[in-house]
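Residue-level structural notes
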Amino acid sequence: MDLEVLFSGQLLIAALSTGSIYALVAVGLNLIYGTMRMLNIAHGDLAMIGAYIAFWMFTEAGISPFLSLPVSILASVLLAIVTFQFLVKPVMRSARMRDQAEANSLLIFFGLAEIIRNGSAAINTTNPRGYQYLDQVLHIGNAAITANRLSALIIALVLVIGITLFFRFTTIGLALRALIQDRTAAQIVGINLERIFLISFCLGFALAAVAGGLVSMYEQILPFMGFPYTIAAFVIIILGGLGNLTGSLAAGMLLGVLETFGIALTGPSFRSILIYGVLILVLLFRPQGLFGGRRVAAR
Amino acid sequence: MIRGLDKITGTLLVALFALIVLWPTFASNYEIGVGFDTMRWGALALSWVVLSGMTGYFSFGHVVFFGLGAYIVAVTWLVLPWWGGVLLSGVGAGILAIMVGYPCLRVRGPYFVILTFGVAELVKFIVINIEAGLSMSGRMLLGGPSTITLYYSMGVLAVLAFILAFWVRQSRFGAGLRAIREDEDAAETLGIPVHRYKMTAFVLSAIIPGMVGGLFVIRGAFFEPPNVFDPRVSLTMIAMAVMGGSDDPRGTVVGVIFLALLSQYLWANFPQLYAIIVGLLLVIFVLAAPDGMWGRWQAAKRRSRSMQTQDS
Amino acid sequence: MALLEINNIEKRFGGVVAVRNVNMIVNQGERIGLIGANGAGKTTLFAIIAGNQRPTSGTITFDGERISGRRPDAVSRRGVARTFQIVRPFGELSVMENLAIGAMFGARQERSIDEAEARASEILKDVGLTDRAADFASDLTLAGRKRLEVARALATEPKLLMLDEVLAGLTPSEINEAVAMIRDLQEKYKLTVIMVEHVLRAVMQLCERIVVLHHGEKIAEGSPEQVSSDPAVIEAYLGTSKSLGTSRS
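This report concerns the structure included in the present document.

Topic: the overall build of chain A
- When its secondary structure is counted, chain A shows 13 helices and 2 strands.
- Its C-alpha atoms give chain A a radius of gyration of 19 Å, within 12% of the compact-globule value 19 Å for 299 residues.
- Overall, the C-alpha framework of chain A stretches about 60 × 45 × 35 Å when taken along its three principal axes.
- Burial status across chain A gives 49% buried among its 299 residues.
- Sequence-distant contacts in chain A: of pairs separated by 6 or more residues, those separated by 24 or more amount to 76%.

In structure tokens, the structure reads:
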């Protein structure tokens, strides 16, 4: 193992690349979980959908993955609306359901994830897909990175920062933050819960789909590729704090660093082991996240 | 409090037991296999209920015990008699449960769900890497016992799982678990040793799936990690329990029979659609009948009973 | 020997001090009132005694044994029971089951379900919930749930019963009923009672000794008459004459 590699900018850039995508996915999940307290286990699979859309549009119609992003967004928003209408609203409507909302939503999203994953396997087959786009190698200092990764990195960062600003400086963002803090209080001051839920749901889905579209340029595309992103997003939410979007950015980058450097030390087949390992360690030793706040685990 | 069996259910269960015992005498080899699989799901789903149905801690990674049991049998195949490997699988699964349960049970709700799923995937990848390191791309398990022996062994596990789930539900322990499900902090304040109870439920729910995994891999005579650590096993267990009724083992049995028969049909005719349809069914049932078919029936019974007393 | 000894309890949540320098003694058979403005630290103190929270410093001794820092179920087994300010019934279980669970655990540790239900029936009679025994706890009215909360705590067979604002939200006649019920229960089951309350007239009626908390510290202690004429208490509740704009102090 070449120790020099460890300290090169190479790994750092790779870590940023991975981290920015993770942060993007995490922000979406954070929105949904923060406002609705529903864990969208299907979240990573939305990225998978975005990836396949980009793939098919590029290989069948020659459309650049950047240009197919709006299509991914549209598709995911449509899916979000349908899911919200038929799966989420019924759970939140009946009083009895609401008590068990968390449990029921877990099962429902689990079912949804299975439907999406296996539906994708049926449509796309389980053969790994990929395509070449913008894969010229650029040099920044002594680090090398492909143009597609770099552009994905930039777009992801822009989006995450943009959403964070949106969160902070707009009325809707304020409503979302209020909702994450205290649902009852938010209702009392007149915030229309259902509308805000729908917005955060659609936004969350869209962000995941965009992330998928971006990674499709340089990652292998498989029907079951989504789950590691769900896990990563989850780790990030725990580390960065529920509802804390800036925290998601920071934690996303941290996870990117951990994973990239971890793989450099051990090997690519250890990627999953690393992520799950981090998840377990975090829940064991730092369940309140990096920044404290709402406690997740028992003492 | 929850008590014994009413006459109807009791009779039905005895009939079911008789069916299980007598099945191989008139069924074809294929049908004995169906029986084996159905009882396999029964043992798995009922074990899952002991933890997740009772405490509300949904384990989405329960396949890990199944897979580990399979692995233990595969690895000890040439060293131990088959039933020794199976017993060891149960022990191994229990030990894994202790190791995993301690950290996992400290978190609740969706965190627990993700964590258990993550642990299952983690163990899967570890086993894959170990096997790759040993240059094994799969293991053959030749010279195992007959189908009939395996059938009755699985029958023993299925019956044990039912008895366990039933006993837990009726016991003081089970009352404590249900209190934990309702409100864990209030339960602890009332004197329930929540941590110990959760761990116990977790370990109890792991042992039988471990042995089931062992029997499964013996029947297939082949061990391959992705096969035995398949998340769809967890999905199916959960779907059966939810559709049948995850509070009551009798309901779970209903769910098992329903989905097992449906699965046989789907696997034979539309294998690609299997998980899609199970996922769809799960969603529909959670929305329309969250207490499962059994819960629905019980609620209807209770309503008609209260209406009767109103009339009188 | 006192039943409950609270020594120098302090509790911080990050930078916020919820409770500071609290010392208190409760003797067997007493009825103690714990009053103070919202945020004074009363419920936090309850949580610390019952084990739901760990104190930052200080100790609590119950019946000669140290209970501070122990888990709630261990504290409950020693004979301390509490109700919650916002009631927490086991909604999907029946009223009878709620109580039976209390009897099976807590200090009583009843092993037989039949015996547990027998004790539950007894208590149901005392709180007037016998005809609701088979109903789901979530079907009860608020007043019913409050009774359930008290009854369930009682089922654990405690020596010390801590009631957290059980009278909140009740109508005046319901309050009278509740006060009478608490008195009867205390006598019948030989309890020691600490009650956090805002309904001052009930506290004055029921309690022989009152402890006043303000901003997490004990500012007064004594009989109802002593406490209600204590200038520090009056200032805490009503403010000084300056802020009131009158010449009364």
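Considerations on helix H3 (residues 43–61) of chain A
Residue and element names in this part refer to chain A.
- Between its terminal C-alpha atoms H3 stretches 27 Å, which fits the 27 Å expected from 19 residues at 1.5 Å a residue.
- Most of H3 is tucked away: 15 of the 19 residues are buried.
- Immediately downstream of H3, the backbone of Gly62 shows phi near 65°, a positive value.

Describing the pairing of strand S4 (residues 57–62) of chain C
Residue and element names in this part refer to chain C.
- Here strand S1 (residues 4–13) pairs with S4 via 5 bridges, running antiparallel. Residue pairing across strands places Ile6 opposite Ile60, the latter belonging to S4.
- Where S4 lies against strand S5 (residues 65–66), 2 bridges are found, and the strand directions are antiparallel. Among the inter-strand pairings, Phe62 is bridged to a residue of S5, identified as Glu65.

Some details on the sheet that holds strand S2 (residues 16–26) of chain C
Residues and elements named next belong to chain C.
- Judged by pairing direction, the sheet is antiparallel, and its 4 strands sit side by side in the order S2-S1-S4-S5 without closing on themselves. Edge positions in the sheet fall to S2 and S5, since each has one partner strand and no second.
- Taken strand by strand, helix H1 (residues 42–50) contacts S1, S2 and S4, and its axis lies near 65° from that of S2.

Section: unusual backbone geometry
- In this structure, Thr125(A) takes a positive phi of about 60° despite not being glycine.
- With respect to the secondary-structure elements, Thr125(A) resides in the loop between helix H6 (101–124) and strand S1 (137–140).
- Even without glycine at this site, Lys190(C) takes up a positive phi of about 55°.
- Judged by local crowding, Lys190(C) falls into the exposed class, with 9 C-beta atoms found within 10 Å.

Overview of the interface of chain B and chain A
- Each partner contributes residues to the interface: chain B has 31 residues there, and chain A has 33 residues.
- Within the residue set of the side of chain B that touches chain A, elements represented by two or more residues are helix H5 (109–133), helix H11 (231–244) and helix H13 (274–288) of chain B.
- Tallying contributions element by element places H5(B) first for the side of chain B that touches chain A, with 12 residues.
- Grouping the amino acids of the side of chain B that touches chain A by side-chain chemistry returns 23 nonpolar, 6 polar and 2 charged.

Digging into helix H12 (residues 245–266) of chain A
Residue and element names in this part refer to chain A.
- The first and last C-alpha atoms of H12 sit 31 Å apart over 22 residues, in line with the 32 Å expected at 1.5 Å per residue.
- Listed as buried for H12 are Leu245, Gly247, Ser248, Leu249, Ala251, Gly252, Met253, Leu254, Leu255, Gly256, Glu259 and Thr260.
- Residues of H12 that are buried in the fold lie against helix H2 (9–36), helix H7 (147–169), helix H11 (226–240) and helix H13 (271–285).
- In the segment just after H12, Gly267 is the residue with positive phi, at about 140°.

What about the environment of Ala143(C)?
- Topologically, Ala143(C) is positioned in helix H5 (residues 142–155).
- A C-alpha to C-alpha distance of 6.7 Å links Ala143(C) and Leu170(C), two positions 27 residues apart in sequence.

Here is what the cut-offs are and how they apply
Residues numbered from 1 in each chain as written. Chains lettered and ligands numbered in written order. Predicted model: local features only at pLDDT ≥ 70, side-chain atom pairs only at ≥ 80, totals over all residues. Helix = DSSP H or I, 4+ residues; strand = E, 2+ residues; numbered from the N terminus. Rg over C-alpha atoms; globule rule 2.2 N^0.38 Å. Buried ≥ 20, exposed ≤ 12 C-beta atoms within 10 Å, placed from the backbone. Contact = placed C-beta atoms within 7 Å. Expected span 1.5 Å × (residues − 1). Pairing = 2+ DSSP bridges. Axes fitted to C-alpha atoms, helices over the stretch in contact; angles between N-to-C directions. Nonpolar A, V, L, I, M, F, W, Y, C, P; charged D, E, K, R; others polar.

Everything listed here is a matter of geometry and, on its own, says nothing about what the molecule does.
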